[in-house]
Amino acid sequence: DAKTTQPPSMDCAEGRAANLPCNHSTISGNEYVYWYRQIHSQGPQYIIHGLKNNETNEMASLIITEDRKSSTLILPHATLRDTAVYYCIVRVGADKLIFGTGTRLQVFP
Amino acid sequence: ETGVTQTPRHLVMGMTNKKSLKCEQHLGHNAMYWYKQSAKKPLELMFVYSLEERVENNSVPSRFSPECPNSSHLFLHLHTLQPEDSALYLCASSLGAGVVETQYFGPGTRLLVL
């Protein structure tokens, strides 16, 4: 089973920040939080990952709470092309990426 | 483009056919993966290869047979499939099979079994 909980869907206006929450209350100390997204009928795309500290790259920012029980993926200026299913994943072993059902983000004009 | 290609992109086959899916990565990675994504279901990990050795087989039926001839290529041989095997089959690769390795996915092969 996936070890994360995400809302099934969210809407965001184009140009606004999209904040996607994820709960991972049972995360252990050495587990990383990964975010992927999947645009319709395409393969998942890596976005960002982190352990304890907040992370930022050209795609997004990842904010992890101090107790590491939840995190938020931030797309600072959402575009229509950001419409996708976003998966928050906690690594449970050396190889496994266990995908849950994710959050379907709809960006509207 | 992620550097992982899959062919064919679409495949229709009968239950008695034999076909193969091909994956190729141009990233110099050492680990490759097959995933299955059925309609409205999460991705399911099928097989993991690390340095051309199969390191994981997630209780996949024997009608799916993977092959990894080298670190750049991965095949999924299909025979006597069932209609419920219709799905998007995704290949991924990573530098290694370690805990923090990021996986890069191909575009997938959409398979329809009639």
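The structure reproduced in this document is the subject of the present report. What you see is a predicted model; the values in this text were computed from it and never measured.

Pairing is possible between side chains of opposite charge, provided their charged atoms come close. On inspection of all chains with the given rule, the structure shows 3 salt bridges over all chains. Here A:E31 ties to A:K3 by a salt bridge, and the two come within 2.8 Å at their closest N and O atoms. Of this pair, A:E31 sits in the loop between β2 (18–23) and β3 (33–38) while A:K3 sits in the segment before β1 (9–13), and the two are 28 residues apart along the sequence. The class of A:E31 is buried, set by a relative accessible area of 6%. The class of A:K3 is partly exposed, set by a relative accessible area of 29%. The shortest N-O distance in the salt bridge between B:R63 and B:D85 comes to 2.7 Å. With a gap of 22 residues between them, B:R63 in the loop between β6 (53–57) and β7 (64–70) and B:D85 in the loop between β8 (73–79) and β9 (87–94) connect regions that are remote in the sequence. For B:D85, a relative accessible area of 2% translates into the label buried.

The next subject is the interface of chain A and chain B. Think of interface size as the accessible area that goes away when the parts come together; that is how it is often given. Taken together, the contact pairs 20 residues of chain A with 23 residues of chain B. In total, about 1,700 Å² of surface goes out of reach between chain A and chain B, with carbon and sulfur atoms giving 51% of it. Along the contact surface separating chain A from chain B lie 0 salt bridges. Run the count over chain A and chain B and you get 2 residue pairs in polar contact (both at pLDDT 80 or more). Of all the elements in the fold, those that place two or more residues in the side of chain A that touches chain B are β3 and β4 (45–50) of chain A. The dominant element in the side of chain A that touches chain B, judged by the number of residues it contributes, is β3(A), at 3 residues. Each residue belonging to the side of chain A that touches chain B can be placed in one class, and the counts come to 9 nonpolar, 8 polar and 3 charged.

What follows deals with the side chain of A:D82. All names here are of chain A. Positionally, D82 belongs in the loop between β7 (70–75) and β8 (84–90). Among the polar contacts made by the side chain of D82, one reaches the main-chain amide nitrogen of T79 at a distance of 2.9 Å. Beyond its immediate chain neighbours, meaning those up to four positions away, D82 contacts R37, L75, H77, L105 and V107.

All names here are of chain A. Across the sheet, 4 strands lie side by side as β2-β7-β6-β5; this open sheet has antiparallel pairing. A single partner strand is all that each edge strand has here, and the edge strands are β2 and β5 (55–56). Examined bridge by bridge, β5 and strand β6 (residues 61–64) share 2 bridges and lie antiparallel to one another. For E55, the partnering residue across the bridge sits in β6 and is L62.

Think of a disulfide as a covalent bridge from one cysteine sulfur atom to another cysteine sulfur atom. Under the defined criterion, the tally for this structure stands at 2 disulfides over all chains. Across the disulfide, A:C22 is cross-linked to A:C88 (sulfur-sulfur distance 2.1 Å). Its S-S torsion of approximately -80 degrees makes the covalent link between A:C22 and A:C88 left-handed. A residue pair is termed long-range when its members are at least 10 positions apart, and A:C22 in strand β2 and A:C88 in strand β8 qualify at 66 residues. A:C88 shares its class with A:C22; the two are buried. The disulfide that involves B:C23 links it to B:C91, with 1.9 Å between the sulfurs. One quick way to see it: the torsion about the S-S bond of B:C23 and B:C91 is about -70 degrees, and its sign makes the bridge left-handed. Of this pair, B:C23 sits in strand β3 (residues 18–25) while B:C91 sits in strand β9, placing them 68 residues apart in sequence. In terms of burial, B:C23 and B:C91 fall into one category: buried. Distance from the sulfur of A:C12, which forms no disulfide, to the nearest cysteine sulfur (A:C22) is 18 Å. Judged by its relative accessible area of 7%, A:C12 falls in the buried class. Take B:C68: it sits in no disulfide, and the sulfur closest to it among the cysteines is that of B:C91, at 9.0 Å.

Each value, and the rule that gives it
Residues numbered from 1 in each chain as written. Chains lettered and ligands numbered in written order. Predicted model: local features only at pLDDT ≥ 70, side-chain atom pairs only at ≥ 80, totals over all residues. Heavy atoms only, no water. Salt bridge = Lys/Arg side-chain N within 4 Å of Asp/Glu carboxyl O. Helix = DSSP H or I, 4+ residues; strand = E, 2+ residues; numbered from the N terminus. Buried < 20%, exposed > 50% of the residue type's maximum accessible area, 1.4 Å probe, protein only. Contact = heavy atoms within 4.5 Å. Buried area = accessible area lost by both parts, 1.4 Å probe. Polar contact = N/O pair within 3.5 Å; in protein donor to acceptor, adjacent residues only side chain to side chain. Nonpolar A, V, L, I, M, F, W, Y, C, P; charged D, E, K, R; others polar. Pairing = 2+ DSSP bridges. Disulfide = S-S within 2.5 Å.

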